[in-house]
Protein chains: 2
Amino acid sequence: MKQYVVAVVGAMGAVGKEMLDTLERRSFPVGTLKALDVEVNVGKEITFNGKQVKVELSCADAFKGVDIALFAVADKVSLALAPEAVKNGAVVIDNSAAWRMDENTPLVVPEVNPEALREHKGIIANPNCSTIIAMVPLKPLHDYAGIKRIIASTFQAVSGAGIAGLNELRDQAQQVLNGEEINPQAFAHQIAFNLIPHIDYFEENAYTHEEMKMFREGRKILGIPDLMVNCTCVRVPVYRSHSESITIETERPLSPEIVREVLAKAPGVKVVDDPANKEYPMPVDTANQDLIYVGRIREDISSESKNGITFWCSGDQIRKGAAVNAVQIAEKMLEMELI
Amino acid sequence: MKQYVVAVVGAMGAVGKEMLDTLERRSFPVGTLKALDVEVNVGKEITFNGKQVKVELSCADAFKGVDIALFAVADKVSLALAPEAVKNGAVVIDNSAAWRMDENTPLVVPEVNPEALREHKGIIANPNCSTIIAMVPLKPLHDYAGIKRIIASTFQAVSGAGIAGLNELRDQAQQVLNGEEINPQAFAHQIAFNLIPHIDYFEENAYTHEEMKMFREGRKILGIPDLMVNCTCVRVPVYRSHSESITIETERPLSPEIVREVLAKAPGVKVVDDPANKEYPMPVDTANQDLIYVGRIREDISSESKNGITFWCSGDQIRKGAAVNAVQIAEKMLEMELI
């Protein structure tokens, strides 16, 4: 089997590290691995497939000879470096928000819209984490009944703010337990034993940018230009795995029984919906695995049309919400012979 | 001013203790206080208005001479004892779910439906905590625009499970931080650094009883027999204060500006809605005070009718969600000369 030169950009971050683990765990055909990061991390070593790899500087020249570059960096870094990687012949799969709404860039969840990959011009965007987690179960329901409207409230783990977010929750929880003063850095306010209804910046319509990602990216990924989406995004004191309370309105009737049937066959989904045995998706169970768990499936009893369904889902934000989805895009591109 | 004989039943529980604090803090005209509880707590002492009060056994005879009995006990205890208290001449204000849907029992949030108190037959029910917190801001919006439909996701603090819930979160958080094994008791699963989408038992329609309280109690309190309510209740690792993400559909147009104007004048509400300065309701800010904070007020951009509003609110579950509401009912009854 052909082996590829794969670069991970931002290799020392939470998502970058998970990309390295994912490439290894899923036996991606990596011939040579390049671990790229900012200057302060250059020279550090990571272990990949049992070998030590030195971190190199992420700059235009670093992409010479690279086939596939997985980017886990800030928007502005991606804006500057992704086109350089493409110029050097690499296919870029980018986890930032920089290219997602660009009309020349496919925005892909492999279980949902793999065909969009055929239109790529060198860069493929990985959607926002909470959007990916919603799209995986929503797509098969859309195919069955036609989704018109989504009302979602998210319960987002601190891992969305990377290693700094994870450390802050751990340290701050201990400080609160000790009765010590806290000093929020990674988040605007105390996150331990608290909730912050604010992720990313506020847009003019008083929704946060994170909330509008579900609206804009949802339309693009599902291919429904007039999809109506109302999202409220909340940061919660959970380490890993975002959870979401979702209500949908569909064109055609959809019962809880059919939802369970459709989702039982859906790729990337695990139905965990046995209330009598206290089984439903929870972040502690969905962390460190690749599926989106879906449960609490029931009729929307507030819907006059009876075409409404409410459910609860949870998925690992760093895995399927970021690193795993990126690697799956690369796998799908190999399968489709696009690389 | 006339002084009353006031009994607090369940005086050693989380809500009972808060009732005692609330009576004291709000200078309720208590002549004699009776602290009633189960046998194991009999003889213990509490301090009320600077005096030591011995806990007595909560039994029928204990209500002789009592004017007002505030009940903070389990449903079955209330079912057995509240009628005995009434027989002895007391007015009962009951925090359990036992009497809420009884057609002879008013279910009251004093800011919302005080007139219902006139119909009382001895027992007045205090609504469910997450229902109270939603009703306080919803009532003035209903008066203005007519609410047809509510879609809510709740983020409920562990205080809903009393002192056992508070202790379990604190101890379990420390155990998780130490890497020790945990042993859930107060909740069905780990609550520290986790979310549990399950409060109270599951009903036949796959909603939890807690979720259906918002449906049933909401209709009764707001006096809208055909109100449509879809609620998802989630336990979160927060000590005090429930938060709620709420979307409403109204009969008549309602803009975010009008919502802010209406709520600024509404009793029991504090509008905290200044995203530019990172100000929005959060449980750490709403704990240990009596108001419901409302923020993140915005148009429901998924609504075709444009008669939709989305907001986020937070309020102390033990205070306004339980003890304070009960004492406010007693205050209102004195004001209305019903006691």
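Only a predicted model underlies this, so the values are computations on that prediction, with no experimental measurement involved.

### As for the overall build of chain A
1) Next: A count of helices and strands for chain A gives eight helices and 13 strands.
2) Next: Seen through its C-alpha atoms, chain A measures out along the principal axes to roughly 60 × 55 × 45 Å.
3) Next: Expressed as a percentage of the 339 residues in chain A, the buried residues total 63%.
4) Next: Excluding contacts between residues fewer than 6 apart, the proportion of contacts in chain A whose partners are at least 24 apart in sequence is 66%.
5) Next: Roughly 12500 Å² of accessible area belongs to chain A as shown, and the carbon and sulfur atoms make up 48% of that amount.

### Here we look at the sheet that holds strand 12 (residues 292-299) of chain B
Residues and elements named next belong to chain B.
1) Next: Spatial strand order, 9-8-10-13-12-11: six strands in an open sheet with mixed pairing. At either end of the open sheet lies a strand with only one pairing partner, and these are strand 9 (228-235) and strand 11 (269-271). Averaged over all pairs of adjacent strands, the angle between strand axes in this sheet comes to 20°, irrespective of strand direction.
2) Next: Pairing geometry for strand 8 (residues 147-156) and strand 10 (residues 242-250), over eight bridges, is antiparallel. The partner of Ile150 across the bridge, within strand 10, is Ile248.
3) Next: Against the sheet, helix 5 (residues 209-222) makes contact with strand 8, strand 9 and strand 10, and its axis sits at roughly 145° relative to strand 9, the strand it touches most.

### Some remarks on helix 5 (residues 209-222) of chain A
In an α-helix, one turn spans 3.6 residues, which is why side chains three or four residues apart end up on the same side.
1) Next: A rise of 1.5 Å per residue sets the reference length of helix 5 of chain A, with its 14 residues, at 20 Å; its end C-alpha atoms lie 19 Å apart and thus fit the reference within 8%.
2) Next: In terms of burial, helix 5 of chain A is largely enclosed, as 11 of its 14 residues are buried.
3) Next: Buried residues of helix 5 of chain A: His209(A), Glu210(A), Glu211(A), Met212(A), Lys213(A), Met214(A), Phe215(A), Glu217(A), Gly218(A), Ile221(A) and Leu222(A), and no others.
4) Next: On its buried face, helix 5 of chain A sits against helix 3 (129-145), strand 8 (147-156), strand 9 (228-235) and strand 10 (242-250) of chain A together with strand 12 of chain B.
5) Next: Where helix 5 of chain A terminates, the next one or two residues include Gly223(A), which has phi positive at roughly 70°.

### Thoughts on the interface of chain B and chain A
1) Next: Taken together, the contact between chain B and chain A spans 59 residues of the former and 59 residues of the latter.
2) Next: Together chain B and chain A conceal approximately 5200 Å² of surface at their shared face, both sides included; 64% is due to carbon and sulfur atoms.
3) Next: When the area that chain B buries against chain A is broken down by residue, the three leading residues are Phe193(B), Leu195(B) and Ile301(B), summing to 13%.
4) Next: Seen at the junction of chain B and chain A, the total is six salt bridges.
5) Next: We note a salt bridge from Arg298(A) to Glu211(B), for which the minimum N-O separation is 3.7 Å.
6) Next: Summed over the shared surface of chain B and chain A, the result is 36 residue pairs in polar contact (both at pLDDT 80 or more).

About the cut-offs
- Residues numbered from 1 in each chain as written.
- Chains lettered and ligands numbered in written order.
- Predicted model: local features only at pLDDT ≥ 70, side-chain atom pairs only at ≥ 80, totals over all residues.
- Heavy atoms only, no water.
- Helix = DSSP H or I, 4+ residues; strand = E, 2+ residues; numbered from the N terminus.
- Buried < 20%, exposed > 50% of the residue type's maximum accessible area, 1.4 Å probe, protein only.
- Contact = heavy atoms within 4.5 Å.
- Areas by Shrake-Rupley, 256 points an atom, 1.4 Å probe, with all protein chains shown as cover.
- Pairing = 2+ DSSP bridges.
- Axes fitted to C-alpha atoms, helices over the stretch in contact; angles between N-to-C directions.
- Expected span 1.5 Å × (residues − 1).
- Buried area = accessible area lost by both parts, 1.4 Å probe.
- Salt bridge = Lys/Arg side-chain N within 4 Å of Asp/Glu carboxyl O.
- Polar contact = N/O pair within 3.5 Å; in protein donor to acceptor, adjacent residues only side chain to side chain.

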